[in-house]
Amino acid sequence: MTLTKRLSFLLCYVLPILTVFAEGIGGLSYLIVPITVFLILPVLDLFLGRDTSNPTDTNFLELQNDSYFRYLTETWAYVQLTFVIWSVYQIALFPHTTTEFLLFAIAVGIVTGGVGITVGHELGHKNTRYEQFLSKVIYMTVCYMHFYIEHNRGHHTHVSTPNDPASSQKNQSFYRFYPQTVLGAYKSAWELEKKRLSKLGLGVLHYRNEMVWYTVVTILFLTSMVLLGSYFSGHQGIRLDILGFLLLQSFVAFSLLELTNYIEHYGLKRNEVTSGKFEKVLPIHSWNQNYFVSNALLFQLQRHSDHHANAGRRYQALRHFEEAPQLPFGYEVMILIALFPPLWFSMMNPILESWEKKQSTK
């Protein structure tokens, strides 16, 4: 891997810095974060182009085990926790207009969701308890801890089938998909834990149910942030605006996640080989994209085909599959397009149908 590509994964750390900068100025300056993510970076994508380079067989293991890449994601967990606590401190101690409050929460949510949940997803797939713990810490800050269970044990099993709430169907708008994935994933996480505990002869409300603990931990986190913020602000009473801020940034964060889920598997289907049994997950069951800047920001999440084929593979070693269906733009642009269903359908349906036709002739 080139030095440029190694250093490119530091790009994500620019976003919290921009948010801190904007908080110091106030007003509309918070818009620098969404402008950077949804305008500046896509323009850089067009200028710098795609990166289709793959690790060679000879350096794959060396790249996979390179601790530099692991330290980047592990460090982010601490950055995110500190970043959220700092944002609470800012809301508690300094006055914000309604516009500043909303834009600040959106900027924080873009950081904690766009980058944070992406890192949490990467860490959550690893087989070390430390990385899994850091993944849960990240999910805690955005009130989405159930994703750790549902994504790893649900989505990766049922992806691109009718049984997966996080796989969007052809002609399904994001607004129809959103309640399906948010509510369906939460329900799925409880069902997965119920099934696991049932095999152990335990009831669903047993203390070993991870969903129970995730609920308790999230409530304790929110409560502690509100109480500490209220105390240090010197306010006589509970600062509910702090709770509102935390919930709003969480909403922005997990909505970005679900927009990403929407575009990653749109319209793709695994063949049903027998009743209720589907073919093995292949690279062709995920949409891919390889724009250099987008992949740097998102730790190569856009090489999604290889991720589903090899969930334990670290982000720096993920491969590009030319045979996988390819998105026309990076995730940042595709997210914006997904918010406008007619535009999404007019762009994606012909690409999907062309790809399906190509597959049927093989």
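These numbers come from a predicted model, not from an experiment.

A. Local environment of the packing of helix 8 (residues 147-158) against helix 9 (residues 174-199). Packing of helix 8 against helix 9 leaves a shortest axis separation of 9 Å and a crossing angle of 75 degrees. Taken as axis vectors, helix 8 and helix 9 run roughly perpendicular relative to one another. Every residue of helix 9 that contacts helix 8 at Ile 149, Glu 150, Arg 153 and Gly 154 is listed here: Ala 185, Ser 188, Ala 189, Leu 192, Glu 193 and Arg 196. The class makeup of the residues in the contact of helix 8 with helix 9 is 4 nonpolar, 2 polar and 4 charged.

B. The packing of aromatic side chains, seen in detail. In the structure shown here, the tally under the stated rule is 26 aromatic pairs. Ring plane angle 80 degrees and centroid distance 5.9 Å describe the contact between Phe 69 and Tyr 315, whose orientation is recorded as edge-to-face. Of this pair, Phe 69 sits in helix 5 (residues 67-93) while Tyr 315 sits in the loop between helix 13 (304-309) and helix 14 (331-338), and the two are 246 residues apart along the sequence. An aromatic cluster is built from Tyr 139, Tyr 144, Phe 147, Phe 174, Tyr 175, Phe 177, Tyr 178, Phe 251, Phe 254, Tyr 262, Tyr 266 and Trp 344, whose rings are joined through pairwise contacts.

C. Molecular detail of unusual backbone geometry. Of note, Ser 160 is a non-glycine position whose phi angle comes to about 60 degrees, a positive value. Relative to the assigned elements, Ser 160 resides in the loop between helix 8 and helix 9. Even without being a glycine, Asn 171 presents a positive backbone phi close to 70 degrees. Secondary-structure assignment places Asn 171 in the loop between helix 8 and helix 9.

D. Summary view of the pattern of salt bridges. Taken as a whole, this structure holds 12 salt bridges when the rule is applied. For Glu 122, the salt bridge is made with Lys 126, and the minimal N-O distance between the two is 3.1 Å. What makes Glu 122 buried here is its relative accessible area of 8%. The exposure class of Lys 126 is buried, given its relative accessible area of 3%. In this structure, the salt-bridge partner of Glu 193 is Arg 153, at a minimum N-O distance of 3.0 Å. With Glu 193 in helix 9 and Arg 153 in helix 8, the pair connects residues that are 40 residues apart, well separated along the chain.

E. Molecular detail of the UniProt feature "domain: Fatty acid desaturase" (unreviewed entry) in the chain. Feature annotation in UniProt places "domain: Fatty acid desaturase" (unreviewed entry) on residues 102-329, given in this structure's numbering. The span residues 102-329 carries 59% helix and 2% strand; its end-to-end C-alpha distance comes to 28 Å.

F. Structural detail: the environment of Arg 314. For Arg 314, the position within the fold is in the loop between helix 13 and helix 14. C-alpha of Arg 314 to C-alpha of Gln 300: the two residues are 14 residues apart in sequence and 9.5 Å apart in space.

G. Structural view of helix 11 (residues 240-264). Relative to the 36 Å expected for 25 residues at 1.5 Å per residue, helix 11 spans 36 Å between its end C-alpha atoms, a close match to the ideal helical length. Among the 25 residues in helix 11, 18 count as buried, and that is most of the element.

H. Broad picture of helix 7 (residues 129-141). For helix 7, with 13 residues, the first-to-last C-alpha span of 19 Å sits near the 18 Å given by 1.5 Å per residue. Among the residues of helix 7, Glu 131, Leu 134, Ser 135, Val 137, Ile 138, Tyr 139, Met 140 and Thr 141 are the ones counted as buried. Where the residues of helix 7 are buried, they touch helix 5, helix 6 (98-124), helix 8, helix 10 (210-233) and helix 11.

I. Broad picture of the nonpolar core. Residues Trp 76, Val 115, Tyr 262, Ile 263 and Trp 344 are the most contacted members of the largest nonpolar core, which totals 89 residues. Ranked by the residues each element gives to this core, the list is headed by helix 6, at 12 residues.

Basis of the calculations
Residues numbered from 1 in each chain as written. Predicted model: local features only at pLDDT ≥ 70, side-chain atom pairs only at ≥ 80, totals over all residues. Heavy atoms only, no water. Axes fitted to C-alpha atoms, helices over the stretch in contact; angles between N-to-C directions. Helix = DSSP H or I, 4+ residues; strand = E, 2+ residues; numbered from the N terminus. Parallel < 35°, antiparallel > 145°, perpendicular 65-115°, else oblique. Contact = heavy atoms within 4.5 Å. Nonpolar A, V, L, I, M, F, W, Y, C, P; charged D, E, K, R; others polar. Phe/Tyr/Trp six-rings, centres within 6.5 Å; stacked < 30°, edge-to-face > 60°. Salt bridge = Lys/Arg side-chain N within 4 Å of Asp/Glu carboxyl O. Buried < 20%, exposed > 50% of the residue type's maximum accessible area, 1.4 Å probe, protein only. UniProt positions renumbered as here; feature names shortened; annotations may be inferred. Expected span 1.5 Å × (residues − 1). Core = buried A, V, L, I, M, F, W, Y, C linked by side-chain atoms within 4.5 Å.

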